Amino acid sequence: MISQKEMLNIICTEAIEYGGLQELPGQQHGGKTSFHSAKRESRGPEEINGSRPESDSSTVQYDLRLIRKTNGILQWKD
Amino acid sequence: MASYTRYLTTTAKAVNEFTVQISDSSPIAIAQDAIRNSCEVKYSPIMPAILTPQEGPPPVPTKLESVALLFANSPYKTLGILKTHLFANERSGIYFTEGLASIIFLNFTIKRTKQLHKIGGGCPLEYWPLKDGKLDARRIIFELLPSKQAGAPNDIILPSTDNAELKVYVEQISSSLQSLWASYGIYFPDERDTLRQIVILADNLVQQHGRLQGGVGRTDGGIACQKKANAIISALVEISAALSYAVTQGTTGSLPVLSNRSPFPHHSLLGIGGAVRALTKYTRYLESAFMARSAGKVISAQYSRVKQIVPASIPAYNSGPEYKFTDSPGSPDEHFDRGGNSYQEDQVPLIAHFSLRYGFMESKFSVTAASQALTAETLPQWTLMTLSHEIMHSRVRTIFQALFGKTWEKDDNNLISKSQFKEFCAWIQARKNPRKVRVVTSLRNVILNFCCAVEQCQHPIPANKRRPGLPLSMDKVNELYSRHKHLAIEILVHFHDYYFVYACQPKMYMMSLWASWIKVAAPYARTPEYLMRSLATVACGSGLNSIAAFDHAKEILLDGLASLEGVGIRSPLFSELRRLTSTVAESAARADFQPCYYLIDTVRRFFASRTIASKIDRLDCDPFAEGSTFVDDYTANIYVFGEGQTLSPIRYSLATLFKTLSGRLPFDDPQWLTAWNYMVISS
């Protein structure tokens with residue numbers, strides 16, 4: 001499904017995302033030890049591509065919030 | 001219940017002397033005997049091929065006089081031809097296997113073997129004449145076919161390099177390629193095309209590595225260059241590893257059988273080459289269908305030009321008209337199918353193999369099935385249908401590459417570029433009055449919006465606490481994308497699997513998912529995530545707002561769970577799923593559901609393709625419908641053999657899975673049924 005050209009570019013993208021680490025075994029691609037590969041750790045933090053901001057940049061106000069009402073019910077507000 | 005599976009065992013007694021036995025004892029007993037006697041034993045399961053309804057398996061032969069091994073590449077078809085030429089007393093001596101030696105005759109003379117071999121169309125043959133159950137390896141008769149290759153191939157030029165580090169990998173890859181080239185020439189000729197593509201890829205990587213070398217020494221950008229060079233090395237390592245698996249799993253068990261040993265100890269005699277061929281055919285079938293329209297080409301040529309209004313407000317999301325998956329004339333065309341030819345000219349095929357460690361998994365270059373599926377593919381947790389999900393990961397890689405990917409030509413070290421961030425900001429700010437935006441931008445924004453929403457999901461705000469929205473910088477959006485894109489990827493994969501492979505059949509899909517997920521660890525560890533993945537998938541295309549869509553999906557879930565329990569498939573997880581979708585806990589499930597439904601339904605709008613769907617022969621009617629006999633038309637009756645018709649591996653595997661889920665398997669011998677399924681698919 002992946003063409004030759006796409007494959008080369010995917011490898012380039014992964015170089016930027018994962019710093020050149022192997023995808024397999026799962027633990028080496030930024031994943032955590034588990035029975036499944038890193039890609040299935042879909043809720044886990046991404047540790048390779050750090051989250052520390054390097055620069056002050058413009059921001060956008062993201063108004064979507066999940067509200068917990070006093071009766072415990074969760075509701076999206078935008 | 002009688003066991004149908006038999007085991008063919010060889011025990012080395014001297015350099016050229018082996019004892020050959022057939023038994024119906026368990027493989028554990030065989031291993032125990034070997035330990036007790038301190039001898040080298042090799043064995044493989046073999047299955048009686050010709051069964052009679054209501055009669056049980058044929059008896060185990062009490063005496064072995066010969067073993068003939070036929071290396072038929074399409075054993076299901078070959079057996080169909082042979083069956084009509086067999087005498088009644090010969091039928092119980094015909095077996096099939098999961099190895100490259102796919103058909104076995106027990107106790108046939110060499111003369112009769114050669115007759116049948118010729119009738120079956122000819123294939124490599126190995127004949128073991130036995131005396132008192134003993135084989136003198138020097139007396140084995142071999143027949144190889146003359147090579148059909150006219151002259152040497154001129155399109156295979158192995159990569160070369162002067163770089164000492166690369167040389168290590170290039171040598172490994174070249175060595176695997178030459179082994180596979182020789183083996184595929186005999187046992188799997190179609191797969192030589194895969195090797196051609198791997199050669200091109202390996203050469204491209206070596207060339208690209210060479211171009212990076214100038215940049216590595218720079219003080220500015222040197223590290224970025226080195227990371228890219230490392231990524232190329234990593235890719236070469238992974239290709240080399242995948243090819244090694246292809247060699248060890250796909251070529252062992254070739255002629256002469258006694259001179260090699262399969263890496264799977266429970267298939268040490270004959271190997272698993274036939275089962276690997278089945279995995280590969282299954283994979284190629286889906287890959288071939290998706291060649292009809294390249295996602296990358298549609299996104300870059302059409303979606304970068306066409307503008308559409310795509311909603312940004314997740315709580316207000318409404319799906320629009322209900323989506324009907326029909327092929328009737330006049331049914332609406334899809335966005336994805338517009339814009340002329342987007343045929344994919346080439347591809348790097350996935351190398352398919354089994355893996356105990358990875359189970360069902362996909363990586364850039366390979367796709368694996370759980371090794372347990374060699375023994376018990378008929379159990380829901382190891383059904384081949386799970387493989388389709390993994391193969392769809394490959395398709396979704398191309399979508400993410402087209403939307404977010406980098407190229408070697410441009411220097412950009414952020415996952416989300418500045419211009420992409422600005423487009424996202426403008427789109428979010430205009431959500432109350434949405435305007436038409438290029439589809440490529442909209443799709444990117446929808447995924448980023450999803451990632452931001454999932455982050456909010458994890459941090460609900462008490463209603464009495466006044467808090468403005470989250471200020472998102474470019475760095476923060478990069479972080480959230482990086483953190484949550486894996487979930488977005490899974491959701492896109494679910495859509496592709498559900499739409500293209502399961503023909504949008506909600507109950508079948510729901511039952512299939514949960515019958516397999518209750519047997520693996522992750523859904524127990526992260527139940528809410530798996531719950532909302534399953535709910536969002538079957539809700540997609542429902543044409544409902546988020547609240548009604550959740551109710552609709554929940555109903556399918558509960559119905560599916562009850563049906564599974566009805567056939568004895570139970571799990572404590574089912575109670576947990578019911579708890580999570582009822583009472584107070586339900587509001588959390590609804591909250592999790594909404595961003596997923598928003599994402600998958602938008603993906604459905606732009607990636608549904610009737611052109612591709614028409615290339616995949618599936619079960620497109622509900623097999624659970626009352627009175628349906630639909631499945632019976634598409635499973636191979638184990639008492640007859642195909643007569644030349646072509647079976648879709650997808651339709652066949654789905655029908656088999658349905659039989660499992662509805663408790664309609666013909667008998668309780670997973671190994672026999674598993675080998676049968678592989679034999680049919682591999683043919």
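Residues numbered from 1 in each chain as written. Chains lettered and ligands numbered in written order. Predicted model: local features only at pLDDT ≥ 70, side-chain atom pairs only at ≥ 80, totals over all residues.

Some details on the sheet that holds strand β15 (residues 461-462) of chain B
Alright, step 1. Taken together, the 3 strands give an open sheet; going across it, the order is β3(A)-β2(A)-β15(B), and neighbouring strands pair in mixed fashion. Pairing within the sheet leaves two strands with one partner each, and these edge strands are β3 (74-77) of chain A together with β15 of chain B.
Alright, step 2. Both strand β2 (residues 65-68) of chain A and β3 of chain A contribute to a ladder of 4 bridges, which runs antiparallel. What sits directly across from Leu66 of chain A, in β3 of chain A, is Trp76 of chain A. (Pairing = 2+ DSSP bridges. Helix = DSSP H or I, 4+ residues; strand = E, 2+ residues; numbered from the N terminus.)

A look at the interface of chain A and chain B
Many descriptions give the size of an interface as the accessible area lost when the pieces come together.
Alright, step 1. Taken residue by residue, the interface counts 55 residues in chain A and 73 residues in chain B.
Alright, step 2. Those elements that place two or more of their residues in the side of chain A that touches chain B are α1 (4-18), β1 (59-62), β2 and β3 of chain A.
Alright, step 3. For the side of chain A that touches chain B, the element with the highest residue contribution is α1 of chain A, accounting for 13 residues.
Alright, step 4. Note: β2 of chain A against β15 of chain B, 2 bridges, orientation parallel. Residue pairing in the sheet places Arg68 of chain A in a bridge with Pro462 of chain B of β15 of chain B. (Contact = placed C-beta atoms within 7 Å.)

Here we look at unusual backbone geometry
Residue and element names in this part refer to chain B.
Alright, step 1. A cis amide bond links Leu255 to the next residue, Pro256, at an omega of -5 degrees.
Alright, step 2. In this fold, Pro256 is placed in the loop between α6 (222-250) and α7 (273-290).
Alright, step 3. If you check the backbone angles, Gln54 has positive phi at about 70 degrees while not being a glycine.
Alright, step 4. Looking at the element boundaries, Gln54 is found in the loop between β3 (41-48) and β4 (66-70).
Alright, step 5. Residues other than glycine seldom take positive phi values, yet Cys504 does so here, at roughly 55 degrees.
Alright, step 6. Mapped onto the secondary structure, Cys504 falls in the loop between α12 (474-501) and α13 (506-517).

A short note on the pairing of strand β2 (residues 17-23) of chain B
Residues and elements named next belong to chain B.
Alright, step 1. Across 7 bridges, strand β1 (residues 6-14) lies against β2 in antiparallel orientation. Following the sheet pairing, Leu8 is matched in β2 by Ile22.
Alright, step 2. Between β1 and β2, which follow one another and run antiparallel, lie 2 residues.
Alright, step 3. Two strands pair when backbone bridges link them, and β2 and strand β8 (residues 134-136) are joined in this way by 3 bridges, in the antiparallel orientation. Bridge pairing in β8 links Glu17 to Asp136.

Some points on the sheet that holds strand β11 (residues 351-355) of chain B
Residues and elements named next belong to chain B.
Alright, step 1. Within the open sheet, the 3 strands sit side by side as β11-β13-β12. Their pairing is mixed. Two strands lie at the open edges of the sheet, namely β11 and β12 (361-362), each paired on one side alone.
Alright, step 2. Strand direction decides the pairing type here: β11 and strand β13 (residues 366-370), joined by 5 bridges, are parallel. Note that in β13 the partner of Ser355 across the bridge is Ala370.

Observations regarding the nonpolar core
Residues and elements named next belong to chain B.
Alright, step 1. The biggest cluster of nonpolar side chains holds 214 residues, and the ones touching the most others in it are Ile104, Leu535 and Ala536.
Alright, step 2. Sorting elements by how many residues they give to this core places α12 first, with 14 residues.
Alright, step 3. What Ile104 contacts, discounting residues up to four positions off in sequence, is Ile46, Val67, Ala68, Leu69, Tyr95 and Thr97. (Core = buried A, V, L, I, M, F, W, Y, C linked by C-beta atoms within 7 Å. Buried ≥ 20, exposed ≤ 12 C-beta atoms within 10 Å, placed from the backbone.)

Regarding the packing of helix α15 (residues 527-539) of chain B against helix α16 (residues 546-566) of chain B
Residues and elements named next belong to chain B.
Alright, step 1. α16 packs onto α15 with a crossing angle of 110 degrees between their chain directions and a minimal axis gap of 8 Å. Taken together, α15 and α16 sit at an angle that is classed as roughly perpendicular. On the side of α15, the interface is formed by Ser534, Leu535, Val538 and Ala539, while α16 contributes Ala549, Phe550, His552, Ala553, Lys554, Ile556 and Leu557.
Alright, step 2. Residues belonging to the contact of α15 with α16 are distributed by class as follows: 8 nonpolar, 2 polar and 1 charged. (Axes fitted to C-alpha atoms, helices over the stretch in contact; angles between N-to-C directions. Parallel < 35°, antiparallel > 145°, perpendicular 65-115°, else oblique. Nonpolar A, V, L, I, M, F, W, Y, C, P; charged D, E, K, R; others polar.)

Looking at α12 of chain B
Residues and elements named next belong to chain B.
Alright, step 1. Here α12 contains 28 residues, and its C-alpha end-to-end distance of 37 Å stays within 8% of the 40 Å for a straight helix at 1.5 Å per residue.
Alright, step 2. At His484, α12 shows its largest kink, close to 50 degrees.
Alright, step 3. Of all 28 residues in α12, 27 are buried; the element is thus mostly enclosed.
Alright, step 4. Where α12 ends, the next residue or the one after it, Ala503, has phi of about 50 degrees, a positive value. (Expected span 1.5 Å × (residues − 1). Bend = angle between axes of the 7 residues up to and from the residue.)

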